[in-house]
Amino acid sequence: MKFFKNFYIGIASYFKTPQFIFKYGLWFYFLFPLILLLAIVFGGDFLEEELKKVNFSMLEEENIDYYKVLFIGIKAILVFVAVKLYKYIVLILLSPVLSVLSSVTEKKLTGNRYKFSFKQFWRDIERGIKIALRNMLIEIVLIVIWFVLAMFIEVLNPYTTYFVLVVGFFFYGFSLVDYTNERRRLSIEESVRFVRKHRGLVIATGSIFSLLFLIPYAGAVLAPILGIVAATIGMHEVVDLSQNEHAVKTEKTT
């Protein structure tokens, strides 16, 4: 029952998010993913065009130029990352913005304020990037293992799509929720235990974030901002962030 209760909180938080953003004038933050989207679109188009120029037939030649092969491999990896893992690219590159917006959201919700220092700000960014990279790598490993098992265990095949989706939802949600856990001064190991205990909230948060990307172009602008605000609202519902002993208490914004 706890899973479904937390899942409901995670989904409900997204419905509260647009009104919250409108109420506190946080529309400005959409500018950052918009700029990133333009860079990714033009950069991705460039990479794809470059990859199309490569003559893969050379791989069938007897005398292979291994430097060229390495070059092809690097290009292929870049295109794969840009096309298949762009959600993590968004989370990583927008880490500074998401860190600030999560903190601002908490302040509006609870009055909590955190003393600013460039050192701590950089640590927040570094941790956000580290979590996103960690989650991306673990997700890839789990999916590869599943596909290998599915090759030998046919009963797994019908569930492959669901497995891939749920694993992605979980790790996207983890990346979004961890910004709040960092302000609660949880270590990464403690944050891992927290998200496992609150899987419902984490999966719900990551599911809407991921599904928003299905909206062409606009989804990449909406998802990170709506996702981080919803994640913070959901976390407040679950753990009551006003009780965070590491925050400086100020009057709640109305």
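Predicted model, so just to flag it, every value in this text is computed and none were measured.

**A short note on the packing of helix 7 (residues 160-183) against helix 9 (residues 199-212)**
The contact between helix 7 and helix 9 brings their axes to 6 Å, and the two run at 100°. What the angle tells us is that helix 7 and helix 9 run roughly perpendicular. Of the residues in helix 9, those in contact with Val-166, Phe-169, Phe-170, Tyr-172, Gly-173, Phe-174, Leu-176 and Val-177 of helix 7 are Arg-199, Val-202, Ile-203, Thr-205, Gly-206, Ser-207, Phe-209, Ser-210 and Leu-211. Grouping the amino acids of the contact of helix 7 with helix 9 by side-chain chemistry returns 11 nonpolar, 5 polar and 1 charged.

**A short note on the pattern of salt bridges**
Taken as a whole and assessed by the stated rule, the structure comprises 4 salt bridges. The partner of Glu-106 in a salt bridge is Arg-183, with the nearest N and O atoms 2.7 Å apart. With a gap of 77 residues between them, Glu-106 in helix 5 (residues 95-110) and Arg-183 in helix 7 connect regions that are remote in the sequence. Taken as a pair, Glu-106 and Arg-183 share a single burial class, namely buried. Put simply, Arg-185 and Glu-182 hold a salt bridge, and the shortest N to O gap is 4.0 Å. Residue Arg-185 is classed as partly exposed on the basis of its relative accessible area of 38%.

**Focus on the packing of aromatic side chains**
According to the stated counting rule, one finds 12 aromatic pairs in the structure shown. Ring pairs connect the aromatic residues Tyr-88, Tyr-172, Phe-209 and Phe-213, which therefore count as one cluster.

**A closer look at unusual backbone geometry**
For residues besides glycine, phi is generally negative; the peptide bonds are generally trans as well. Of note, Arg-185 is a non-glycine position whose phi angle comes to about 65°, a positive value. Within the element layout of this structure, Arg-185 appears in the loop between helix 7 and helix 8 (188-197). For Tyr-217, which is not glycine, the phi dihedral falls at a positive 65°. Mapped onto the elements, Tyr-217 comes out in the loop between helix 9 and helix 10 (218-239). Taking the relative accessible area as the measure of exposure, Tyr-217 reaches 56% and is therefore exposed.

**Some remarks on helix 10**
Counting along an α-helix, one turn takes 3.6 residues, and residues three or four places apart therefore face a common direction. Under the 1.5 Å per step criterion, the end-to-end length of helix 10 is 32 Å for 22 residues, consistent within 8% with the ideal 32 Å. Burial analysis of helix 10 places 16 of its 22 residues in the buried class, which makes it a mostly covered element. A positive phi of about 55° marks Asp-240, the residue just after helix 10.

Definitions and limits used
- Residues numbered from 1 in each chain as written.
- Predicted model: local features only at pLDDT ≥ 70, side-chain atom pairs only at ≥ 80, totals over all residues.
- Heavy atoms only, no water.
- Axes fitted to C-alpha atoms, helices over the stretch in contact; angles between N-to-C directions.
- Helix = DSSP H or I, 4+ residues; strand = E, 2+ residues; numbered from the N terminus.
- Parallel < 35°, antiparallel > 145°, perpendicular 65-115°, else oblique.
- Contact = heavy atoms within 4.5 Å.
- Nonpolar A, V, L, I, M, F, W, Y, C, P; charged D, E, K, R; others polar.
- Salt bridge = Lys/Arg side-chain N within 4 Å of Asp/Glu carboxyl O.
- Buried < 20%, exposed > 50% of the residue type's maximum accessible area, 1.4 Å probe, protein only.
- Phe/Tyr/Trp six-rings, centres within 6.5 Å; stacked < 30°, edge-to-face > 60°.
- Expected span 1.5 Å × (residues − 1).

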